[in-house]
Every structure is written in C-alpha cells, then in structure tokens.
Amino acid sequence: MKKISDRLFYVGVNDDDKVLFEGLWPLPVGVSYNSYIVKDEKVALIDTVESGFEEEYLANIDEALEGRAIDYLVVNHMEPDHSSLISLMLERYPDLKIVANSKTVPMLSGYYAVPQERVTVMGEGESLDLGSCSLRFHMIPMVHWPETMVTWLEEEGTLFSGDAFGTFGSIDDDVVDSEGTFDEFRDEMMRYYSNIVGKYGNPVQSALKRLSGLEIKRICSTHGPVWEKNIPQVVSLYDKMSRYETERGVCIVYGSMYGNTAAAADALAMELEALGVPYSVHDLAGNNAGELGVSGALRDVFKYDTIVVGSPTYNNGIYPPVETFMKALQSRLIKGRRFYAFGSYTWAGASVRLLNEAASALNFEILGEGLSFPQAYSRDKVDMAAVAELLK
Ligand code: FEO
C-alpha cells in the first residue's frame, strides 16, 4: 500500500511471475495491476486486480482503510486483469455498490453473475458524491474495450485512466514517478501500446480530445507508475502512437529455418549500421530465448517509418511466424509505412511476392520488387548494400 495523498491510496500489486500477458506478450520486467482507494466520507475503490493476488491485495486494502468498509467499487474496465476480484469484493463488503456504465452491466453479469441491484449505472459526465470530493465519469470506448471509461477526481486533479497511458513493467515501492521514470518505461510503454491498444488509434485520439479540457495533475493508470512529473511526455507518446506517427528508421523482421534468410537480415543490419540509419532486428522464429519476437517487432513498427520483412518460402507461402506478423500489422490498421521484402527459397520463390501483396493491401509504399534468392545466402547472391541504399 502506498499513500499518494490524504485521500488517495495505491493498493495494486506487481506480477513478476506471469510469462505471457494475455497468453501472448512476453513480460521480461513484469507488469503491475493498479487499483486505488479514494477515502472520504464515502470510500471508493477504483478497479480491482488479477486473480492470484488476493492475499496481498486485501492486506493493501485493509492497511489503507484502517477498519472502514468500501462503499463503491468503480469499474472502469472489465478485462479480467482488473475485474477478477469483483466477486470477492462483493462478498467481503455486503453493502458495496458497483459503479459502472450501461455497457459494463451485461459484462458484470456474464463474467461474475453480479446481481442488478448491486450496480449503480452512470452515464457520460455524471458524478458520484463522496463527501468533500466527487468522481466524474467519462466514456472512452475501445480504449481498450467498448465499455471502458475513465474516472475524474477533480479535487485532486487526478485521472483514473484505465489502460490508457499504461505500460508493461513492474513498479517500485514509490509508485509515483520521478524525473527519469518516463525514460525508464518508454520502451515498455511503446510495447504495451503497440501490442494491446495498437488497433484503436482513432478511439485513443477521440479519448485524448475528450480529456483535453481537464487540468490533469496526476494520471493513475491500471498498469505502470502513477504519473505526476512526466505527464506531458506520457500523453505526447500516446498521442504520437495513436496517430501512427513515426521517425526515420528501419524495423527488420524475419523468420528463418536454416539461417539463410537470417544471414540476409544480419547483412542488411550491417549495411544500415554503416550508413548510420537507425534500425532494429527481430527474429520471429523463436530461436533466441529472451527475444521479444513479434511483441518487440510491433513496438518498433510504431517507432520507425520503414518495415523490412524477410521470409523463406514455406509450403509455397510465407513462413508461418512471419505470416502471423503480417496479420498483426493488418489487425492494428498500420498505415503510412515504407516496405521492403526479402527471403530465400529452394525450388520456387513465393514469399517475397506474397509479402509485397500483403503490404500493398495495407497501402504501404513498396520500395522495390524485393530480393528473393535461391538456396544459401552469400554476399555475391544477395546485395544488401544496394537494399540499404534504397532504404536510407
Ligand atoms: Fe489491462 Fe484491457 O486490461
């Protein structure tokens, strides 16, 4: 538990054991599930945490409450990493009312069989009086689910923002950020956005516009530090990513069965290095333990303006992990990128053509016909210096 102000308490937990968030995204530095208490004449709990942390979570709550009960549980977002302990709260606090919007109600019933009479429904802009302060609710649909809302505590200038402005990475005991915290979390915030929220650029833009009138002094997201000192940087990063804005650089993504497409990727990286072009390289075949694979590749798709994809021809198609990556680009509505394809084949090349077709369907700028080469990689066969010149 961490006291943030006289009436605001952090009661969330860190998860340093989960390997894959949503069963998909690696968590090399953990993740936090944030939950907050506003203690006034009435007591409100904002969201809960993932199941498996009951003991620590209840201890945090008890320490913050000092014997009092919870009057309201505000449900900003129903994804189970925040809603899993709703039933526990209803049981522990028999007079507790859930505060939610109308889109949340069927999810409360479907996930946790919450009876209607325990729910108070709030609409856009409506407020809940806690005594000396009040909570106001604003809908931010699709950031990250259709029912998602944020809660505004005007008296503290505090926005309980749900997943918005969240990041992967466990947080330290201080909970609240300091000057360098944004730089520390920037990469994990980009990975979180690109992996989890990346499909919803337009809804994030709508949410940012809706919230722009608030004088925000503190952001309490559901994942990551409480932001006080880095708010302009955090909001600006989310704004930039949701506009699909990038910087010049090359994200090289490849899969390789026997090392030939991998060797071509490495050769391209060396040529870009020599030219001073920023780049990153992502192996999707899972050969190297500890690499982020598609998760890290998506982060850098949101960072750089050029995507270079390497795939051997496999069953007359694209190598499956690379095909999955191309689908991830499509599902995130990635736009405005430059694109180049390469890859080896043994008896008939198809992957480069198919990659170019997939990139065309996304309206990417195709920088050349691509480089499809037979059998083994060699410098004579594969002129990556020329490709690097094309990309710079
Ligand atoms: Fe952290 Fe969309 O849940």
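Note: the structure precedes this text.
The residue count restarts for each chain, going from 1 along the sequence in the order it is written. pLDDT decides what is reported in this predicted model: residues at 70 or higher carry local features, side-chain atom pairs at 80 or more are listed and counted, and totals for whole chains, interfaces and linings draw on all residues regardless. Note: side-chain values were computed over all heavy atoms of the structure, leaving out hydrogens and water.

### Examining unusual backbone geometry
In terms of backbone geometry, most residues other than glycine have negative phi values and most peptide bonds are trans. The test is simple: In this description a helix means any DSSP run of H or I spanning at least four residues, a strand means any run of E spanning at least two, and both kinds are numbered starting from the N terminus. Under the scheme applied here, a residue whose accessible area is under 20% of the maximum for its type counts as buried, over 50% as exposed, and between as partly exposed, the area being computed with a 1.4 Å probe on protein chains only.
A positive phi angle, near 45°, is found at Glu 66, a position not held by glycine. Examined against the element boundaries, Glu 66 turns out to sit in the loop between helix 1 (54-65) and strand 9 (72-74). Positive phi outside glycine occurs at Val 175, with the angle close to 65°. Within the secondary structure layout, Val 175 lies in the loop between strand 15 (158-162) and helix 5 (181-197). In this structure Val 175 comes out as buried when scored by relative accessible area, which is 5%.

### Comments concerning the packing of aromatic side chains
Two measures describe an aromatic ring pair: the distance that separates the ring centres and the angle between the ring planes. Note the threshold: Note on ring pairs: Phe, Tyr and Trp rings are taken, using the six-membered ring of Trp, and paired if centres are within 6.5 Å. Classes follow the plane angle, with under 30 degrees stacked, over 60 edge-to-face and the rest tilted.
A full pass over the atoms with the stated rule returns 14 aromatic pairs. When the ring of Tyr 36 is compared with that of Phe 160, the centres are 5.5 Å apart and the planes differ by 55°; the resulting orientation is tilted. With Tyr 36 in strand 7 (residues 36-39) and Phe 160 in strand 15, this residue pair connects regions lying 124 residues apart in the sequence. Across this residue pair, the class does not change: Tyr 36 and Phe 160 are buried. Between Tyr 193 and Phe 302, the aromatic rings sit 5.6 Å apart at their centres with planes inclined by 80°, giving edge-to-face as the arrangement. Taken together, the residues Tyr 193 in helix 5 and Phe 302 in the loop between helix 9 (294-301) and strand 19 (304-310) connect sequence positions 109 residues apart. Taken as a pair, Tyr 193 and Phe 302 share a single burial class, namely buried. Three or more aromatic residues joined by ring pairs make a cluster, and in this case those are Phe 165, Tyr 193, Tyr 238, Tyr 244 and Phe 302.

### Description of the sheet that holds strand 9
Note the cut-off: Should DSSP find at least two bridges between two strands, the strands are taken to pair. Any two residues whose heavy atoms approach within 4.5 Å are treated as being in contact. Interaxial angle, 0 to 180 degrees, is taken between N-to-C directions of lines fitted to C-alpha atoms, where a helix line uses only the stretch in contact.
What the seven strands build is an open sheet, ordered 1-2-7-8-9-10-11; its pairing is mixed. If you trace the sheet from one side to the other, it starts and ends with strand 1 (2-3) and strand 11 (119-121), each paired once. Bridge count between strand 7 and strand 8 (residues 43-46): four bridges; the pairing is antiparallel. Bridge pairing in strand 8 links Tyr 36 to Ile 46. Of the strands in this sheet, strand 2 (8-10), strand 7 and strand 8 touch helix 1, which is tilted by about 20° from strand 7.

### Looking at the pattern of salt bridges
Cut-off, in case you're wondering: A carboxyl oxygen of Asp or Glu within 4 Å of a side-chain nitrogen of Lys or Arg is what we treat as a salt bridge.
Tallied over the full model, the rule gives 18 salt bridges. Salt-bridge contacts for Lys 3 lead to Asp 6; the nearest nitrogen and oxygen are separated by 3.5 Å. Look at Asp 6 and you get exposed, because its relative accessible area is 66%. Put simply, Arg 7, Glu 156, Arg 218 and Glu 228 are held in one network by salt bridges that share partners.

### Remarks on a nonpolar patch on the surface
For clarity, the threshold we go by: Residues qualify for a patch when their relative accessible area is over 30% and they have no salt bridge, like charges being joined within 9 Å and the nonpolar side chains of Val, Leu, Ile, Met, Phe, Trp and Tyr within 5 Å. For accessible areas, the Shrake-Rupley method is used with a probe of radius 1.4 Å. Any residue's cover is judged against the shown protein chains and nothing else.
A cluster of nonpolar side chains, namely Met 257, Tyr 258 and Tyr 314, defines an oily patch on the protein surface of about 360 Å² accessible area. Tracing the chain through its elements places Met 257 in the loop between strand 17 (247-254) and helix 8 (260-275).

### Things to note about the sheet that holds strand 12 (residues 127-129)
Two modes of strand pairing occur in sheets, parallel and antiparallel, and in both the strands are linked by backbone hydrogen bonds. Across the sheet, which stays open at both edges, the five strands sit in the order 12-13-14-15-16 with mixed pairing between neighbours. Strands at the two margins of the open sheet, each flanked by one partner only, are strand 12 and strand 16 (218-221). Across the sheet, the mean angle from the axis of one strand to that of its neighbour is 20°, orientation sign disregarded.

### Some details on the environment of Met 78
Locating Met 78 in the fold gives a position in the loop between strand 9 and helix 2 (80-83). Residues Met 78 and Lys 3, spaced 75 residues apart in sequence, show a C-alpha to C-alpha distance of 25 Å. If we ignore the near neighbours within four places in the chain, the residues touching Met 78 are Ser 83, Ile 86, Thr 104, Met 107, Leu 108, Tyr 111, Tyr 112, Trp 145 and Glu 147.

### Topic: the side chain of Ser 295
Spelled out, the test is: Pairs of N or O atoms within 3.5 Å make up the polar contacts considered here, provided that, within protein, one atom can donate a hydrogen while the other can accept it, and that residues adjacent in sequence are counted only when both atoms are side-chain atoms.
With respect to the element layout, Ser 295 can be found in helix 9. Judged by relative accessible area, which is 0%, Ser 295 ranks as buried. Within the local environment of Ser 295, its side chain forms a polar contact with the side chain of Asn 195, the two groups lying 2.4 Å apart.

### Digging into the pairing of strand 14 (residues 149-153)
With five of five residues buried, strand 14 is to be regarded as a mostly interior element. Of the two faces of strand 14, both are covered, the one formed by Met 149, Thr 151 and Leu 153 as well as the one formed by Val 150 and Trp 152. Direction of pairing for strand 13 (residues 134-139) relative to strand 14: antiparallel, over a ladder of five bridges. Its bridge partner being in strand 14, His 138 is matched across the sheet by Val 150. Summarising the sheet, strand 14 and strand 15 pair through three bridges and their orientation is antiparallel. If you follow Thr 151 over to strand 15, its bridge partner there is Phe 160. Counting the residues in the hairpin turn of strand 14 and strand 15 gives four residues, including Gly 157, whose phi is positive at 55°.

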